[in-house]
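# Observations on the model geometry
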Amino acid sequence: MTTSQQELFRFLEDRFACAQACTECARACALRASLVDPDGTENQELVRRKGIMCAEVCDATCRVLSEQNQVDETSIRVQVEWCRTVCLEAAHVFDRQPGAEDSAAACRACARACTDFLATLR
């Protein structure tokens, strides 16, 4: 296998891992948002909003990553960097919410997968 083939396989593996992490994060965030009392405290409203936003951004990122060659590399980079940022913000908010540890962990795992995938774009 040539170096370029190895790089391509790594790129595809990281792309798939990132899409997979985005899917898991979206699921965890949507669940976390649905568990929050809509008439709850200001902090609960923040958790709900961040959860919904993170789920939507992760879902959109997964769609972008699934479109083979339909999107240019610059657009992919911007989307994945946005996803990473939103995931880290959501994880930070979830850290302050009792019972949200799994959601925070899913967000951090997604942010790491985004970072790993971005490294293959450089």
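Residues numbered from 1 in each chain as written. Predicted model: local features only at pLDDT ≥ 70, side-chain atom pairs only at ≥ 80, totals over all residues. Heavy atoms only, no water.

## So, the overall build of the chain
Looking only at helices and strands, one finds four helices and zero strands in the chain. Reading the helices (α) and strands (β) of the chain from amino to carboxyl end gives α-α-α-α. A buried classification covers 41% of the 122 residues belonging to the chain. Sequence separation of at least 24 residues holds for 73% of the intrachain contacts in the chain that already meet a minimum separation of 6. Surface exposure of the chain reaches about 7,000 Å², of which carbon and sulfur atoms provide 52%. (Helix = DSSP H or I, 4+ residues; strand = E, 2+ residues; numbered from the N terminus. Buried < 20%, exposed > 50% of the residue type's maximum accessible area, 1.4 Å probe, protein only. Contact = heavy atoms within 4.5 Å. Areas by Shrake-Rupley, 256 points an atom, 1.4 Å probe, with all protein chains shown as cover.)

## What about helix α2 (residues 42-66)?
For α2, which comprises 25 residues, the first-to-last C-alpha distance of 36 Å matches the rise-based estimate of 36 Å (1.5 Å per residue) to within 8%. All buried positions along α2 are accounted for by V47, K50, G51, C54, A55, V57, C58, A60, T61, C62, V64 and L65. Elements that come into contact with the buried residues of α2 comprise α1 (3-35), α3 (73-95) and α4 (101-121). (Expected span 1.5 Å × (residues − 1).)

## Looking at the nonpolar core
Ranked by size, the top nonpolar core spans 36 residues in total, and within it C54, C58, C87, C107 and C110 carry the most contacts. Of all the secondary-structure elements, those providing two or more residues to this core are α1, α2, α3 and α4. (Core = buried A, V, L, I, M, F, W, Y, C linked by side-chain atoms within 4.5 Å.)

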